[in-house]
Structures are given as C-alpha cells and as structure tokens.
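Observations on the model geometry
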2 protein chains.
Amino acid sequence: MNELLLTHQATIVEDWIDYNGHLRDAFYFLLFSHATDALMDRIGLDADGRAIHGHTLYTLEAHINYLGETRLGEQVQVFTQLIDHDSKRLHIVHHLYRPADGELLAASEQMLMNIASLAGRAAKFATGVEANISALLQTHRTLPRPGYCGRVIGIRR
Amino acid sequence: MNELLLTHQATIVEDWIDYNGHLRDAFYFLLFSHATDALMDRIGLDADGRAIHGHTLYTLEAHINYLGETRLGEQVQVFTQLIDHDSKRLHIVHHLYRPADGELLAASEQMLMNIASLAGRAAKFATGVEANISALLQTHRTLPRPGYCGRVIGIRR
C-alpha cells in the first residue's frame, strides 16, 4: 500500500449516515471524489494548473464495490492506483481503508477524461501533466493489478 | 419511460456543486441513493416493513455512467428499471433525467442485497416483499434492456 498515493483522509460525519447507522452509499463516493481532486493536484491539475492549461478532469464512468461498513466518527483513508492512461484518459482504482484495523471498505474503478473547460470537450493532456502521469504510471504499473478491476454487474445462474 | 418507476425528484442545491459549477460526481450518486430508498418503499421495505421483517437493503456494487452536466437550480428526476432478481438480490438501473429538455444525465446499474439487520448477513426476501418484486419484474421485463448495462471499464487499444 505504501507505493499507492494517499489521496484523502477524513472522519465520518453525521450528515453522511443513513437509517442503518452506517455511511450512506453515496458518501463513499464523495470520499473518492475528494481523492480524485487530490490526484488532480498531484498531476498538475490543481487550481493553478487548471487555470494555466484551461483543462479539468471529468469522471466518465465509475464502478464501486461495497465491502465493509463504517460509522460515525471513524477515520478513513483513500489510496489510489493508476492502472492505465492514454492521451486524454486516466484509468484508476481508489481504495477506501479504515486504518484502525486495516479493513478495505470499498474499491472504486474509474475512468477520468481530460476536458478543455471552455469548449467543454475532451482534450489531450498538457505536456507537463502527461509527463507527471507517465512518471506515476512507471511506479504503479509494477504493482499488482487490484482485484476490483474489470467487473461486470449481473446475477449468474 | 412511463412504465419505469419515478423514484426521485430533486432540485440541484449549492452544496452539491463542484469547482466546475456542475453537480459533483458523488451527488449524482446521492440522487440514486434516494431513488433506492423509494424503491425500497415500493417493494415493502419502508420503515414499517424494515421493522416488521428485520430486513434492509445494502448496495453491493454499482456502476455509473456520466452523460451530461447539471447545474444549480435545475430540476431532475430518477426513473428506475428492475432488470432481474433472485431470492436475495435486486439488479436495477437508475436513470437520471432533466425533464426540462428530456436529457439523460446519468445511468447507474446496481446490485442490491437483502440483509437481515441484526445478523448483518444476506437473507432471503420476506414473502410479501418477494411478491412485490416479482410483480414489478413482470412489468419491467417486457421493457427494452437499458443501454448502460453490463459495462466494463477499460482503455481499449
């Protein structure tokens, strides 16, 4: 886990709890959304980078597996692995852990697209951003491929 | 769309907007989460039903495709199609629409699991609940299978 990026840390707050007393499904996704913001910072698409390049990232598609529950007041962390990229897209997996017992609470595979903000259209990564992504992939491609990748939803009979 | 269940209606609020001025990815999922609550009501797992049966639904797995943006103050609706079920699981697709122009903004395929709340374990649907689910599937299985079903995330080369 050490080689993955620590992209978010948070404490579960009351607004995120459902009638079961657990983190509501959508708020797992909010933790991953903030992790994506941190990944953007990491590759040079922080607020300054977005202004300079006129680019931002949109989430095109996401898959999430719910593996464990978490409750009010618990501390959680997101670790992110870059799986692949091309000139416009990032393929990533976010992992939500509870550091107190090391339990993996959820995994989310996502495809993110670089967007030219004014045109609102897909665009190639800026040169400096692509260099950061390539350097990150050099490290991450030596790691094992995460288990929650390439999944299809369905009832098998 | 008329045969699908209208499971949620909302107006986009300021707290849900990201730095791009659009609905943040996680809050699409919150709209779908509330739609799942309404689906639970529809099949007899409202608060009374949960108390009587000691059952609830957990989201096991979800896939979401982001298709369009929505902004502060816009009205949106979720329509839900039941795709399949077995004795413990529901396979559904939620669709997020903007009724003003009829645009499909997102689709989310999900697998939901019936859980015995005290044991925290998967359990068969209660008889009355299963009857409601079967009746719903009778209607929904005659509808076309939605496009955003069975998807896999990945960069193809």
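Residues numbered from 1 in each chain as written. Chains lettered and ligands numbered in written order. Predicted model: local features only at pLDDT ≥ 70, side-chain atom pairs only at ≥ 80, totals over all residues.

Regarding the confidence of the model for chain A
To be explicit about the condition: Every residue is assigned a pLDDT by the predictor, reflecting its confidence on a scale from 0 to 100.
Within chain A, residue pLDDT values average 96, and 99% of them lie at 70 or more. Confidence metrics for the complex model read pTM 0.95 and ipTM 0.94.

Regarding helix α3 (residues 127-140) of chain A
All names here are of chain A. Note the following rule: Helical segments are the DSSP runs of H or I of at least four residues, strand segments are the runs of E of at least two, and each set is numbered from the N terminus. In this analysis, the expected span of each helix is defined as 1.5 Å times one less than the number of residues it contains. Counting other C-beta atoms within 10 Å of a residue's own tells you its class, since 20 or more makes it buried, 12 or fewer makes it exposed, and anything in between is partly exposed; those C-beta atoms are placed from the backbone. Directions from the helix axis toward the C-beta atoms define the arc.
Along its 14 residues, α3 runs 20 Å from first to last C-alpha, staying within 8% of the 20 Å computed at 1.5 Å per residue. Here α3 has its buried residues at Val129, Ile133 and Leu136. Projected onto a plane normal to the axis of α3, the buried residues spread over an arc of 65 degrees and lie on a single side. Facing away from the buried surface of α3 by more than 90 degrees, the exposed residues are Thr127, Ala135 and Gln138.

Details of the interface of chain A and chain B
Defined as follows: Here contacts are defined at the residue level, using C-beta atoms placed from the backbone and a cut-off of 7 Å between them. Think of it as three bins: nonpolar holds Ala, Val, Leu, Ile, Met, Phe, Trp, Tyr, Cys and Pro, charged holds Asp, Glu, Lys and Arg, and polar takes everything else, Gly as well. Here, a strand pair is defined by DSSP locating no fewer than two bridges between the strands.
Every contact between the two is made by 28 residues of chain A and, on the other side, 28 residues of chain B. Broken down by secondary-structure element, the contributors of at least two residues to the side of chain A that touches chain B are α1 (25-42), β2 (55-66), β4 (89-98) and β5 (103-116) of chain A. The dominant element in the side of chain A that touches chain B, judged by the number of residues it contributes, is β2(A), at 10 residues. Of the residues assigned to the side of chain A that touches chain B, the class counts are 12 nonpolar, nine polar and seven charged. In the sheet, β2(A) pairs with strand β2 (residues 55-66) of chain B via five bridges, with the strands oriented antiparallel. Bridging from a neighbouring strand, A:His63 pairs with B:His63 of β2(B).

Quick notes on the relation of the copies chain A and chain B
For the record, the criterion: Least-squares superposition of the copies uses the C-alpha atoms of those residues scoring a pLDDT of at least 70 in each of them.
The two copies are related by a screw motion: chain A maps onto chain B through a turn of 180 degrees and a shift of 0.0 Å along the axis, at an RMSD of 0.0 Å. Expressed as an axis order, the relation between the two copies is that of a two-fold axis. In terms of C-alpha distance to the rotation axis, chain A has A:His63 as its closest residue, with the C-alpha 2.1 Å off the axis. Interface overlap between copies: 100% of the residues of chain A at the interface are likewise at the interface in chain B, consistent with a symmetric, same-surface contact.

Brief notes about the pairing of strand β3 (residues 75-85) of chain B
Residue and element names in this part refer to chain B. Burial runs high along β3: eight of the 11 residues are buried. Bridge count between β3 and strand β4 (residues 89-98): eight bridges; the pairing is antiparallel. What sits directly across from leucine 82, in β4, is isoleucine 92. Between β3 and β4, which pair antiparallel in sequence order, lie three residues.

Thoughts on the nonpolar core
To be explicit about the condition: Here, a nonpolar core denotes buried Ala, Val, Leu, Ile, Met, Phe, Trp, Tyr and Cys residues that are linked to one another through C-beta atoms within 7 Å.
With 73 residues, the main nonpolar core has A:Tyr28, A:Phe29, A:Leu31, B:Tyr28, B:Phe29 and B:Leu31 as its most contacted residues. For this core, the element with the highest residue contribution is helix α1 (residues 25-43) of chain B, accounting for 11 residues.

Description of the environment of A:Ala51
All names here are of chain A. Note on placement: alanine 51 falls in helix α2 (residues 47-53). By the C-beta count within 10 Å, which is 10 here, alanine 51 ends up exposed. Between the C-alpha atom of alanine 51 and that of leucine 96, which follows or precedes it by 45 residues, the distance is 30 Å.

Side note on the packing of α1(A) against α1(B)
Rule in force here: Axis definition: a line fitted to C-alpha atoms, over the contacting stretch in the case of helices. Angles run 0 to 180 degrees between N-to-C directions. Any angle that is under 35 degrees is reported as roughly parallel, and any over 145 degrees as roughly antiparallel; angles of 65 to 115 degrees are reported as roughly perpendicular and all others as oblique.
The geometry of α1(A) relative to α1(B) is characterised by a closest axis approach of 8 Å and an angle of 175 degrees between their N-to-C directions. Of the possible angle classes, the one that applies to α1(A) and α1(B) is roughly antiparallel. Together, A:Asp25, A:Ala26, A:Phe29, A:Leu30 and A:Ser33 of α1(A) and B:Asp25, B:Ala26, B:Phe29, B:Leu30 and B:Ser33 of α1(B) make up the contact between the two elements. Residues belonging to the contact of α1(A) with α1(B) are distributed by class as follows: six nonpolar, two polar and two charged.

What to know about the pairing of β2(A)
Residues and elements named next belong to chain A. Where burial is concerned, most of β2 is hidden: nine out of the 12 residues are buried. Sheet topology note: the β2/β5 ladder contains 11 bridges and is antiparallel. Its bridge partner being in β5, threonine 56 is matched across the sheet by isoleucine 115.

Notes on the environment of B:Arg24
As for its placement among the helices and strands, B:Arg24 is situated in the loop between β1 (5-11) and α1. In this structure B:Arg24 comes out as buried when scored by C-beta crowding, with 21 C-beta atoms within 10 Å. For the pair formed by B:Arg24 and B:Gly147, sequence separation is 123 residues and the distance between their alpha carbons is 23 Å. Those residues in contact with B:Arg24, other than ones at most four positions away along the chain, are A:Ser33, B:Trp16, B:Ile17 and B:Asp18.

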